[in-house]
Structure formats: C-alpha cells, structure tokens
Amino acid sequence: MNGRILIVDDEKDMLTLLDRIISEDTHYKIVTESNPEKAIKIFRKEDFDLVMTDLKMPEMSGISLMEKIQEIRSDVSVIILTAYATIETAVEATQKGAYDYLTKPFRRERLLITLDKVMNWQRIIRENKKLRKALQKMNDLSIIGSTPAMAKIFDRIRKAAPTSGTVLITGPSGTGKELVARAIHQNSSRKSKKLVVLNCGAIMENMIESELFGHVKGAFTGAVTDKKGLVEEADKGTLFLDEIGDLTPGLQTKILRLLQEGEYRPVGSVITQKADIRFIAATNKNLEQAIRENTFREDLFYRLNVIRMEIPPLRRRAEDIPLLSYYFLNKYCVLNEKQIKGITPSALQALTAREYPGNVRELENIIERGIIFCTGDTLTLPDLGLSSPAECLMPELNRGKTMMNFKDAKEETIRLFHEHYIRELLKENDGNISKAAEIAGIQRQYLHRLMKESHIEANEFRGVNTP
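Everything quoted here is computed from the prediction, not taken from an experiment. (Residues numbered from 1 in each chain as written. Predicted model: local features only at pLDDT ≥ 70, side-chain atom pairs only at ≥ 80, totals over all residues. Heavy atoms only, no water.)

Participant: Go over the overall build of the chain, please, and point to the residues and values.
Facilitator: Helices and strands together make up the secondary structure of the chain, namely 20 helices and 14 strands. The C-alpha atoms of the chain give 30 Å as radius of gyration, which overshoots the globular expectation for 467 residues (23 Å, by more than 25%). A principal-axis box enclosing the C-alpha atoms of the chain has dimensions of 95 × 60 × 40 Å. Residues classed as buried in the chain amount to 46% of the 467 residues present. Taking contacts inside the chain between residues at least 6 apart in sequence as the whole, the part at least 24 apart equals 69%. Surface summary for the chain: the accessible area is close to 24700 Å², and the carbon and sulfur share equals 50%. Charged side chains of the chain number 69 positive and 66 negative; the gap between the two group centres comes to 4 Å. (Helix = DSSP H or I, 4+ residues; strand = E, 2+ residues; numbered from the N terminus. Rg over C-alpha atoms; globule rule 2.2 N^0.38 Å. Buried < 20%, exposed > 50% of the residue type's maximum accessible area, 1.4 Å probe, protein only. Contact = heavy atoms within 4.5 Å. Areas by Shrake-Rupley, 256 points an atom, 1.4 Å probe, with all protein chains shown as cover. Lys, Arg positive; Asp, Glu negative; His and termini not counted. Charge placed at Lys NZ, Arg CZ, Asp CG, Glu CD.)

What follows is the structure, encoded as structure tokens:
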C-alpha cells in the first residue's frame, strides 16, 4: 500500500504546490480539498493514512477539523500547516493529537522527511492491527501459529486429544512442546482432572523415582513420612514426562511397566498400586539414535510412539515470527504495565531475519527484554538489542569490508553469499540437490558448480532435519 493523503487548505495555490511536490517525489495518493466540511465528508467515505490541514481557515480551524477527523477514526495521523507558528499553537496542536506541524513557507526536504516518518508510523499501525486481529482469530488451542506445518500440528492435536492414545512430542528445545501437551489435555475427556508435569532432566537422578512414584516412611534417609508421587497425583488425569530421553535405564523399565500394566510401587513399598493415566512424553533427543546407542529402551520407545508430533524449529516457520512477536508484546506489556503500541518495520524485519537456536523461547526473551528497555511507544532495533536486518541475515558480510577496495569487497561478499545461501538451501532440503535447485530456480548443474566452488558436499546435510 502506497499510502493516501487528504490535504485541506483554503488557499488553492497551496493545494497545487503540495500536490506537485508530493506527487513528484513519492508514490503517495493525494486528494485535495479547500472546504473543511467537504473534506470531512470525503474522509467518511474513503480511507486515508494522513490528513494535512491548514491551521487558519474561514469555515473551520485546522485544530477543529483534526478533532472531527479523529472522532471518525482515531488512528489517522494529522499534520498541521501554519503560517502563524508559535509555541502555543504548536503545543496545542500536538497536545490534541497532531503528529507534527509544518511552518509556511516550508522546506521541501522537511516536508518529505515528515511524510516518510508519518507513513512509517502508519505502517506500524496497520501491521499492529493486522497482527492483533490475527491473534483474536487464533485457534482454540492457545498455540500461536499460522504456517502449514503448525496447521498440521493443530489437526493432529484435535484428532489425538479425545482418544486415550499415548503421545510422543519431538522437536528442539524451546519450540513449545509443553504447550502442545497442555492443549491435548485441555481438549481431552480428562480436562477436569490434573495435568501433572515432570521435567526428567531437571531433577537429580536419585530423586526422580521418589518424585514419580512417591515413597513410604523409612524408604531412605530423610524419608520421615509417606509421600504421594506424581503418578498418584495424575490418576484419572494426564502425566506429561518432558525430556524423557534423559531417564536412566532403570527408570525406563519402571515407566514401561506403568505404561503396559498401569502399575507401580512407591519407593520402599512392597504393595503394587494402580493408576489410570493418559501419557504424553516429549524429548529434544533422537530416540531412534539413542536406541542404536543402547541408551534408550526400544520397547519403551514403541510404547510411547503411538501418536507422534514433531514440532518444527522456529527457522522453519519464520512466517509465524511477526504473530509470535505481537503475542509476546501484548503479554509483557501487561506484565510490565507498559503502553507500547507496536514494533517498527525494521525491528520486525530483523526479528524475522534472525536464526533462533533457542527457538520460540529465545524470541520471547528478546521481546521481553525490549519491552523492559523501551522508553517510547514503539519497539525499535536498539530496544531489542538487534542489528539491522541485513546484519542478522548474514553478519560476516559486513566484517572488515571497509578495509578492502570496492572490487575485492564485492567479490568477497558474493562468495560469502553463495556459500551461506547454498548451505542453508541444502540444510532445509536434507541435501537433496535436485529439490534445492528447483526451489532456488537454477539449473542442477549450476548448483553443482557453485557447491564445488564453495567446497560444499551434499552428504553433510543429509538427515539434519530428522528428529
């Protein structure tokens, strides 16, 4: 969208001048009107990003016009034009909501810079509206995502939730595996009972069994009373074992019995107890590889792997980053009692361009930090502590280039781009050269030549996306 401007001034020569300057130097669409009442009627019928109005007009003052305009649509920007600029009129105009004011006669450069700032702000408002609207339409699972990969996850959650089937959730750390587990529980017949969560990697090895199954008095030093375990607490509900790949072989055997027979014994007890539990497990490890390395039981894996859900890393669902960013913006504005309206386009581009080793959790931390340090009403690159979008995409491009002559710097930049692009392309396509060439829109032979020049082998990327 190029942006639309309504200009109101009783001097027709001024309307002609503004129309000519803006039309010559920008792609904005201009509508001019010399009568403020007619301008209001036009504004009611058409969409505008900006209204520029003269301060002194016979029929109505510019400030009065601005107030009527803002009653119709509060988010429109208004610039006041005045030949009678004083501190009082400027303060009054800005206090009542004007974006800025320009003094006649104005400098062409000042006008164009101001217009660019206004339109940039309007882009933020539009993006804010669009993303907030998308959040309101978000699915009933309380998980943010609009990409095809996430749509498949949502479909599997809805189909799996009403059943009693055991679910295994795989994917890198920080992708939201626990959110998926909670969505399955909340949409199941067990939702009125507890969802009990245990992070198998966060508790000391000698304490996990007691935490899971409970213990009886005297079972070990310090066991001065009987203690109920998480399994008993989860009875008739759901037990979510996060990072199950970290369990020791001995505990894997006891979990297997619980899965197969619904039976367990508290530590130190000789009495077998029963539990009716829906099992959900998650891991960021490759359990098939762990089986080959004899660190994970094959029979337990097949008991867990009834319904499999693989959560993609954030780099494979980059289209969700703006939506997630605004979700976290809303969340942390409330928690920190801040009134931040949006994120600048350059900051949003930089967020989208980043690699996220920490996935969604890393993005959330960046937004939270930005909100804490933001002193204005919009999150910017400095607030977020990010570089420009180009530097985020490929930071090594900018390193040391100003110490080289132009020709050498250009050749080095192209070489780095080829290497970076081809590696990412092959990584996303598991080393499949034909598929990578098709996506890149180049001949397979040309891709082969570029790979040879950059000393890249397809084999190093095969299987990298296998969970």
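Participant: Please set out the nonpolar core residue by residue, giving values where relevant.
Facilitator: When a protein is soluble and globular, its nonpolar side chains tend to lie buried together. Core analysis: the biggest nonpolar cluster contains 31 residues, and Leu212, Phe213, Val231, Leu239, Leu241, Ile255 and Phe296 have the highest contact counts within it. If you list the elements that add at least two residues to this core, you get strand E7 (195-199), helix H8 (205-213), helix H9 (230-233), strand E8 (238-242), helix H10 (249-261), strand E11 (278-283), helix H11 (287-292) and helix H12 (298-304). Tallying contributions element by element places H10 first for this core, with five residues. With residues up to four places along the chain from it excluded, the contact list for phenylalanine 213 reads Gly229, Val231, Leu251, Lys254, Ile255, Leu258, Tyr264, Arg265 and Pro266. Core analysis: the second largest hydrophobic core is formed by 29 residues, Leu131, Leu135, Tyr356 and Ile371 among them. (Core = buried A, V, L, I, M, F, W, Y, C linked by side-chain atoms within 4.5 Å.)

Participant: Summarise the packing of H8 against H10; cite the residues concerned and give the values.
Facilitator: Across the interface, H8 lies against H10 with an axial gap of 11 Å and an inter-helix angle of 15 degrees. Accordingly, the angle class assigned to the pair H8 and H10 is roughly parallel. For the pair H8 and H10, the crossing hand works out as left-handed. Where H8 abuts H10, its residues Ile208, Glu209, Leu212 and Phe213 lie against Leu251, Lys254, Ile255 and Leu258. Classifying every residue of the contact of H8 with H10 by side-chain character gives six nonpolar, no polar and two charged. (Axes fitted to C-alpha atoms, helices over the stretch in contact; angles between N-to-C directions. Parallel < 35°, antiparallel > 145°, perpendicular 65-115°, else oblique. Left-handed = near helix turned anticlockwise from the far one by under 90°. Nonpolar A, V, L, I, M, F, W, Y, C, P; charged D, E, K, R; others polar.)

Participant: Could you give an account of helix H19 (residues 433-440), naming the residues involved and the relevant values?
Facilitator: When we look at burial in H19, the residues that qualify are Ile433, Ala436 and Ala437. Projection of H19 onto a plane perpendicular to its axis shows the buried side chains occupying an angular sector of 100 degrees, all on one side. Away from its buried face, by an angle of more than 90 degrees, H19 presents the exposed residues Glu438 and Ile439. The first or second residue beyond H19 is glycine 441, which carries a positive phi of 75 degrees. (Arc of directions from axis to C-beta.)

Participant: Report on the packing of aromatic side chains, specifying residues and quantitative values.
Facilitator: When we look at a pair of aromatic rings, we describe it by the centre distance and by the angle of the planes. Across all of its chains, the model carries four aromatic pairs by this definition. Ring centres 6.2 Å apart and planes at 15 degrees place the aromatic pair phenylalanine 43 and phenylalanine 48 in the stacked group. As far as burial versus exposure is concerned, phenylalanine 43 and phenylalanine 48 are alike and both buried. Positioned above the aromatic ring of phenylalanine 48, the side-chain terminus of arginine 4 is 4.6 Å from the ring centre. One Lys or Arg, arginine 354, reaches over the ring of tyrosine 356 and ends 5.4 Å from the middle of that ring. (Phe/Tyr/Trp six-rings, centres within 6.5 Å; stacked < 30°, edge-to-face > 60°. Lys NZ or Arg CZ within 6 Å of the ring centre and 35° of its normal.)

Participant: Could you give an account of the packing of helix H2 (residues 36-45) against helix H3 (residues 62-72), with specific residues and numbers?
Facilitator: Packed helix pairs are specified by the crossing angle of their axes together with the interaxial distance, meaning the distance between the axes. Direction vectors running N to C along H2 and H3 enclose 15 degrees, while the axes themselves pass 10 Å from each other. Compared by their axis directions, H2 and H3 come out roughly parallel. Here H2 runs over H3; the crossing is right-handed. On H3, the residues that touch Pro36, Ile40, Phe43 and Arg44 of H2 are Leu65, Lys68, Ile69 and Ile72. For the contact of H2 with H3, the residue count by class is six nonpolar, no polar and two charged.

Participant: Please provide a residue-by-residue account of the pairing of strand E3 (residues 50-54), values included.
Facilitator: Most of E3 sits out of view: five of its five residues are buried. Because side chains alternate across E3, one face comprises the buried residues Leu50, Met52 and Asp54, and the other comprises Val51 and Thr53, equally buried. With four bridges connecting them, strand E1 (residues 4-8) and E3 associate as parallel partners. The residue bridging valine 8 from the neighbouring strand is threonine 53, located in E3. Between E3 and its parallel partner strand E4 (residues 77-82), the chain crosses via H3, and the hand of that crossover is right-handed. (Pairing = 2+ DSSP bridges. Right-handed = clockwise from strand over helix to strand, strands pointing away.)

Participant: Can you lay out unusual backbone geometry for me, pointing to particular residues and giving the numbers?
Facilitator: In this structure, proline 105 follows lysine 104 across a cis peptide bond, with omega equal to -5 degrees. Here proline 105 is to be found in the loop between strand E5 (100-103) and helix H5 (108-136). Of note in the backbone geometry, glutamate 337 takes a positive phi value of approximately 55 degrees without being a glycine. Locating glutamate 337 in the fold gives a position in the loop between helix H13 (321-336) and strand E13 (342-343). A positive phi angle is found at aspartate 430, which is not glycine, with a value near 50 degrees. Within the fold, aspartate 430 resides in the loop between helix H18 (406-428) and H19. On the accessibility criterion, aspartate 430 (32% relative accessible area) is partly exposed.

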